[in-house]
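# Notes for the structure review
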Amino acid sequence: MARPDPRDSDPAPLFTRLSSAVSDRYRIERELGAGGMATVYLAADLRHRRNVAVKVLRPELAATLGPDRFLREIEVAANLQHPHILPLFDSGEADGFLYYVMPYVDGESLRERLARSGELSVPDAAKILRDVVDALAYAHHQGVVHRDIKPDNVLLSGRHALVTDFGVAKAVSEATGRQSLTTAGVALGTPMYMAPEQAVADPHVDFRADLYAVGTMAYEMLTGAPPFTGASAQAILAAQVTETPKPISSVRQTVPAPLALAVMQCLEKRPADRPHSAESLLPTLESLSAPSGGVTPASTTPHRAVQPAMSRVAGKIPRWALALGAVVILAGAGYGALRVARGDRANATASTGANVAKSVAVLPFDNLGGDSANRTFTDGVHDEILTDLTRVAALQVTSRTSVEEYRDTKKSVQQIGAELGVGTLLEGQVQRAGNQVHVSVQLVDAARDRQLWANSYDRALTTENVFAIQGDIARRVAEALRANILKDASAITDSAPTIDLEALNWYHRGKELFDNRGPAAVDSRIAAAFQKAVELDSTFAEAWAGLAAARSWEVRTGIAGDTVPARRALDRAVMLAPSSAETELALAYYAYYAKGDYDEALTHFRAVAAARPSNVDAIAGIGLIAQRQGRFSEALQAEGRAIALDPRNVGWLVARCQTYYTIRQFDRSVTTCRRAYILDPTGTPTVENLTRTLLAGLGDTAAARAFLDSASSQQQGPDGMSMRSLLSRWTGDYATSDTWSDSAPKAIALDSIVNALVHGLNSRARGDARAAARYGAVAERIARAELTRSSSGSAFGHLADLHSTLGVALALQGRGEEAVAEGERALALNPASRDVIEAPRSREFLIEIQLLLGENEQAIRGIVEQASRPAPFGGMIPITRASLRMDPLFTPIRNAPRIESLLRDDAAWVVKDAPDE
């Protein structure tokens, strides 16, 4: 019998043959729609009992393409795991048909939305673009270019957008060539979104073609029509190559300037003139997707950065830097770079034409001495100049941790300026020879591509001369930027804090280590460096303040058993320099890390921020305390300001990821974590935070598993292993859950307690109550021994956690009254009135105890109450929609009417003071 030809043009036989060809896996229900490259059918997945969308390539394409090339290219999509990328379930060839299978999305395409609504509001357009660009940033980081971004390939479901068809356009275009795509009716409408290099069949198309398509799509969303239309595909392609689109602001004047500039930059003909990455567009889109619409004063156009001529070749300044920089300096509260609290320093309006806040990044100075000792000295000179500049209120000064990666960089000025969001760069060289020091510097105005100021200094090598040079440089920079330094001039000091150059070097070494400490990092070198400085000069107040901060950090991380060493160093700093910003910052760290007195710490952090508006540590401290006190809008604002001042520091993005998780805005948490991961794909915190949010926040087990599989074991850390354990538990693989829990490091006693409890909970899930009780007894022994050693309270809930886990251990043994008493004792030690981040964890443990004891009514009441409370970033079994649906602990109550109602009610999961998405 002859094989049926899938190129048969009769649709009825095609439908019949397709239904027969895939009948072992799918039941084809009906056609959903047809496009230039494929026809989409609604189908039932017989194996998994779910609705899916089966996309079948047009017969003429299938015949030209062939199954091997198609399957090889479509495999690209299968390896992309992202919240805004529609995943690929399956693909294959059957009876001549080439098809791929995706989830069936109950929504509409962006094309349908535009046909129905015309142009969109700015916030709605920005939200959709944010999701699309976030997906592209991830894909580009994986080396994948879409090549066919258009409204037809963007699906809208709820409040979110999903990008489809990764890998398909490349397969088709390479197999058929551009001519067939534009003349045979294939990919109808695609020419409207083709980049010029695609239109002329450039073989070297890269990710910047996707950015061009984003620009055309954004133009259409905001004006109701794409920038170029025509009577034929060839006419449209010619326009893409030769014509300049009308400025979007002339078509729709209400489009905010930052967005208009970003769209037009995406539409540049030359790829080199477009944004340097999809990721760089995210701050603009995040700010404009806020409910306010992201309206920014017209006077907020920023400076742009260029490479100083002394060591880099200046290139053309991309106009898109204007749009990105505007957001990095002044964006909506909680996204990208933020205004300085409510007293926005710019206070600029279109009518007054006032200057925006000036911005400067002090790049690492070149060490002309060559040896490591001279490098430490050179870095100290750089650091002191940067510190002096933070004293000038009218300047926005990028933090040292963000400029560090540009030491000996080969990046272009366009990249540095865009990545740091600054208008000017200060570059310098330092040489120390014998008893002489030479310092040369230059300040470059990026907007005009010219040198603003330059100078060189040759002095005898004394600390007094070095600090006089540093003070003079700081004043000259402020003057060159026309910053208002009159009231700040006295803050820039020429006085040396020590006469001992070696002590100064140790002090700067301690600062470098302290600034680069990771979350809960245990590093005794920090305190040791400061200790060496004060041993060399016992009157060095700043070094005593640094030592106090380092000792306070040791209390927080558990290195130090008491606060006495931190208090002694702090007392010395207060005695020597009671009013200095360094002492004030040390007082803040002591109050926060060592005492857990948030109000006192906040007072000191705010005092430092007032004295040094660009001090990122003080601003971040304000955000951390605002988070713990339940002022989440303020926390997000402070985190945004920290990101503006320190844009390459992944720690601030991780902090924002955790804040979004805490207020149960899990989609935004994932987006922020992915941005952090793009910046630092090897960092343990980024891997841990993203995995936790995917799993516990969104309940996306497939994405969590794929992400963990793509990360190395060194990246995962103990929390990553704990997440693997939880993932295995939620998917019913209890043996693997036990194995991963055993693999996690046991740095403190609580880790061992939790490991025993994981085994106990998994035993309960298997129905083995006796084994569960045995593991409960193990956990009890460890917990009681640790409680004996921990007689005092902890600022961060450690003692409460011991009582909570002891309660779970007792519940596994069926000792109900004792178990509940321990859970309630933890609540008393960890009240929400003191810390809204720590307290929910104790509540979740008590609910866990109640469920283990069969006290389901009490547990349900607690779950309903907990839904609208902050989600603790930790704990064994988080109470989220995902856990309620998947964790076996909740099986006895999952079908209770109040739980079913809770799972359906979005409003029930809104945390107080959580800003609207």
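Only a predicted model underlies this, so the values are computations on that prediction, with no experimental measurement involved. (Residues numbered from 1 in each chain as written. Predicted model: local features only at pLDDT ≥ 70, side-chain atom pairs only at ≥ 80, totals over all residues. Heavy atoms only, no water.)

## Examining the overall build of the protein
Filter applied, for reference: In this description a helix means any DSSP run of H or I spanning at least four residues, a strand means any run of E spanning at least two, and both kinds are numbered starting from the N terminus. Classification of residues uses two cut-offs on accessible area relative to the type maximum, computed with a 1.4 Å probe and protein chains only: under 20% is buried, over 50% is exposed, and between them is partly exposed. Only heavy atoms matter for contacts: two residues are in contact if any of them lie within 4.5 Å across the pair.
Across its full length, the protein holds 39 helices and 14 strands. Split into buried and exposed, the 917 residues of the protein put 58% on the buried side. Considering only contacts within the protein whose residues lie at least 6 apart along the sequence, 65% involve residues at least 24 apart.

## Here we look at the nonpolar core
Convention followed: Note on terminology: a nonpolar core comprises buried Ala, Val, Leu, Ile, Met, Phe, Trp, Tyr and Cys residues joined through side-chain atoms within 4.5 Å.
If you look at the biggest cluster of nonpolar residues, it comprises 53 residues, and the most contacted ones within it are Leu110, Ile128, Val132 and Met221. Elements represented by at least two residues in this core include exactly helix 4 (110-117), helix 5 (122-141), strand 7 (154-157), strand 8 (160-163), helix 8 (208-223), helix 11 (257-266) and helix 12 (282-288). Setting aside residues no more than four positions away along its own chain, Met221 makes contact with Leu110, Leu114, Glu119, Leu120, Ala125, Ile128, Leu129 and Arg252. Formed by 45 residues, the second largest nonpolar core is a distinct cluster that contains Phe514, Trp544, Val555 and Leu602.

## Let's talk about the pairing of strand 4 (residues 90-94)
For a regular strand, side chains alternate in direction, first toward one face of the sheet and then toward the other. Let me state the cut-off plainly: Any two strands are treated as partners once DSSP identifies two or more bridges connecting them.
Alternating residues of strand 4 divide into Asp90, Gly92 and Ala94, all buried, and Ser91 and Glu93, none buried. With antiparallel pairing between neighbouring strands as the criterion, strand 4 and strand 5 (residues 97-103) make up a hairpin whose turn holds 2 residues, including Asp95 at a positive phi of roughly 55°.

## A short note on the sheet that holds strand 2 (residues 38-45)
Applied cut-off: Helix axes are fitted to C-alpha atoms over the stretch in contact, other axes to C-alpha atoms as well, and angles between N-to-C directions run from 0 to 180 degrees.
Overall, antiparallel pairing links the 5 strands, which are arranged 1-2-3-5-4 in an open sheet. With one partner strand each, in any of the chains shown, strand 1 (26-34) and strand 4 form the two edges of the open sheet. In this sheet, neighbouring strand axes are inclined to one another by 30° on average, regardless of whether the strands run parallel or antiparallel. As paired elements, strand 3 (residues 50-57) and strand 5 share 5 bridges and run antiparallel to each other. Across the sheet, the residue bridging to Ala53 is Met102, located in strand 5.

## Some details on the state of the cysteines
Test applied: Here, a disulfide means two cysteine sulfur atoms that sit within 2.5 Å of each other.
Under the definition given, this model contains 1 disulfide. Each disulfide pairs two cysteine sulfurs, and for Cys657 the partner residue is Cys673, the sulfurs being separated by 1.9 Å. Its S-S torsion of approximately -50° makes the covalent link between Cys657 and Cys673 left-handed. Of this pair, Cys657 sits in helix 26 (residues 650-662) while Cys673 sits in helix 27 (residues 666-679); the two residues are 16 residues apart in sequence, bridging distant segments of the chain. The class of Cys673 is buried, set by a relative accessible area of 2%.

## Thoughts on the pattern of salt bridges
The condition is simple: For this analysis, a salt bridge means a side-chain nitrogen from Lys or Arg found within 4 Å of a carboxyl oxygen belonging to Asp or Glu.
Summed over the entire model, instances satisfying the criterion amount to 38 salt bridges. A salt bridge links Arg25 to Asp90, with the shortest nitrogen-to-oxygen separation between them at 3.4 Å. Highlighted residues: Arg25 in the loop between helix 1 (11-21) and strand 1 and Asp90 in strand 4, separated in sequence by 65 residues. Just as Arg25 is buried, Asp90 falls in that class too.

## Description of the packing of aromatic side chains
Put simply, the test is: Pairing of aromatic side chains here covers Phe, Tyr and the six-membered ring of Trp, requires ring centres within 6.5 Å, and sorts the geometry by plane angle: under 30 degrees stacked, over 60 edge-to-face, intermediate tilted. Here, a charge over a ring is recorded when the distance from Lys NZ or Arg CZ to the ring centre is within 6 Å and its angle to the ring normal is within 35 degrees.
Summed over all chains, the structure comprises 11 aromatic pairs. Measuring from ring centre to ring centre gives 5.3 Å for Tyr589 and Tyr593, while their planes differ by 5°; the resulting arrangement is stacked. Residue Tyr589 and its partner Tyr593 are located together in helix 22 (residues 581-595), separated by 4 residues, close to a single helical turn. Per residue, the accessibility class of Tyr589 equals that of Tyr593, and both read buried. Ring geometry for Tyr592 versus Tyr593: centroids 5.3 Å apart, planes at 35°, classification tilted. Each member of the pair, Tyr592 together with Tyr593, is buried. Over the aromatic face of Phe207 sits the side chain of Arg208, whose NZ or CZ is 6.0 Å from the ring centroid. Cation over ring: Arg432 sits above Phe377, and NZ or CZ is 5.0 Å from the ring centre.

## What about unusual backbone geometry?
Glycine aside, residues mostly have negative phi, and peptide bonds are mostly found in the trans state. Residues other than glycine seldom take positive phi values, yet Arg49 does so here, at roughly 55°. Counting through the fold element by element, Arg49 comes out in the loop between strand 2 and strand 3. Of the residues examined, Arg49 reaches a relative accessible area of 79% and is grouped as exposed. The backbone of Arg664 shows a phi angle near 65°, a positive value even though the residue is not glycine. Here Arg664 lies in the loop between helix 26 and helix 27.

## Some remarks on the side chain of Arg113
By the element assignment, Arg113 lies in helix 4. In this view, Arg113 contacts Glu108, Gly118, Leu120, Asp124, Ile128 and Leu156; residues no more than four positions away in its chain are not counted.

## Focus on the sheet that holds strand 8
What the 3 strands build is an open sheet, ordered 6-7-8; its pairing is antiparallel. Of all strands in the sheet, those with a lone pairing partner are strand 6 (108-109) and strand 8, marking the two edges. Bridging between strand 7 and strand 8 involves 4 bridges; their strand directions are antiparallel. Bridge assignment links Leu155 to a residue of strand 8, and that residue is Leu162. Of the strands in this sheet, strand 7 and strand 8 touch helix 5, which is tilted by about 35° from strand 8.

## Observations concerning helix 32 (residues 749-766)
Residues spaced three or four apart along an α-helix point in a common direction, a consequence of the helix completing one turn every 3.6 residues. The following threshold applies: To estimate the expected span of a helix, subtract one from its residue number and multiply by 1.5 Å.
A rise of 1.5 Å per residue sets the reference length of helix 32, with its 18 residues, at 26 Å; its end C-alpha atoms lie 26 Å apart and thus fit the reference within 8%. Turning to helix 32, its buried residues number three or more, namely Ala749, Leu750, Ile753, Asn755, Ala756, Leu757, Val758, His759, Gly760, Leu761, Asn762 and Ser763. Gly767, located one to two residues past helix 32, shows a positive phi value of around 90°.

## Description of the packing of helix 28 (residues 684-697) against helix 29 (residues 701-710)
For clarity, the cut-off: In this scheme, roughly parallel covers angles under 35 degrees and roughly antiparallel covers those over 145, while 65 to 115 is roughly perpendicular and the rest are oblique. In a left-handed crossing the near helix is turned counterclockwise from the far helix by less than a right angle, and in a right-handed crossing that turn is clockwise. Residues are sorted three ways: Asp, Glu, Lys and Arg are charged, Ala, Val, Leu, Ile, Met, Phe, Trp, Tyr, Cys and Pro are nonpolar, and all the rest, Gly among them, are polar.
The interhelical angle for the contact between helix 28 and helix 29, taken along N-to-C directions, is 160°, at an axis separation of 8 Å. Our classification of the angle between helix 28 and helix 29 gives roughly antiparallel. Remark: the crossing between helix 28 and helix 29 carries left-handed chirality. Within the contact between the two elements, helix 28 uses Val687, Leu690, Thr691, Leu694 and Leu695 and helix 29 uses Thr701, Ala703, Ala704, Phe707 and Leu708. By residue class, the composition of the contact of helix 28 with helix 29 is 8 nonpolar, 2 polar and no charged.

## Some thoughts on the environment of Pro364
Structurally, Pro364 is set in the loop between strand 9 (358-362) and strand 10 (366-367). By relative accessible area, Pro364 is classed as buried at 8%. For the pair formed by Pro364 and Thr378, sequence separation is 14 residues and the distance between their alpha carbons is 8.7 Å. For Pro364, the contacting residues outside a window of four places in its chain are His382, Val403, Glu404, Tyr406 and Arg407.

## Some remarks on the confidence of the model for the protein
Going by this rule: The quantity called pLDDT is the predictor's confidence in a given residue, expressed from 0 to 100.
When pLDDT is averaged along the protein, the result is 79; 81% of the residues meet or exceed 70. Note on residues 1-9: pLDDT is under 50 here. Beyond four places in sequence and across chains, it has 17 contacts. Residue range residues 291-357 is modelled with pLDDT below 50. Its contacts to residues more than four positions away, or to other chains, number 183 contacts.

## Quick notes on helix 31 (residues 734-743)
So the rule is basically this: The directions from the helix axis to the C-beta atoms form the arc being described.
Three or more residues of helix 31 are buried, namely Tyr734, Ser737, Asp738 and Ser741. When helix 31 is viewed along its axis, its buried side chains cluster within an angular range of 100° and face the same direction.

## Re the environment of Asp458
We apply this condition: Pairs of N or O atoms are called polar contacts if they sit within 3.5 Å, as long as, within protein, a hydrogen donor faces a hydrogen acceptor (for residues adjacent in sequence, only side-chain-to-side-chain pairs).
Within the fold, Asp458 resides in strand 14 (residues 450-460). For the pair Asp458 and Gln431, spaced 27 residues apart in the sequence, the C-alpha separation amounts to 9.6 Å. Other than its neighbours up to four places away in sequence, Asp458 contacts Val437 and His438. A polar side-chain atom of Asp458 sits 2.9 Å from a polar atom in the side chain of His438.

## A closer look at the packing of helix 26 against helix 27
It is the contact of helix 26 with helix 27, at a shortest axis distance of 8 Å, that shows an interaxial angle of 165°. When the axes of helix 26 and helix 27 are compared, the pair comes out roughly antiparallel. Relative to helix 27, the crossing made by helix 26 is left-handed. Two secondary-structure elements touch here, helix 26 through Val650, Leu653, Val654, Arg656, Cys657, Tyr660 and Tyr661 and helix 27 through Phe666, Arg668, Ser669, Thr672, Cys673, Arg675, Ala676 and Leu679. Taken together, the residues of the contact of helix 26 with helix 27 sort by class into 10 nonpolar, 2 polar and 3 charged.

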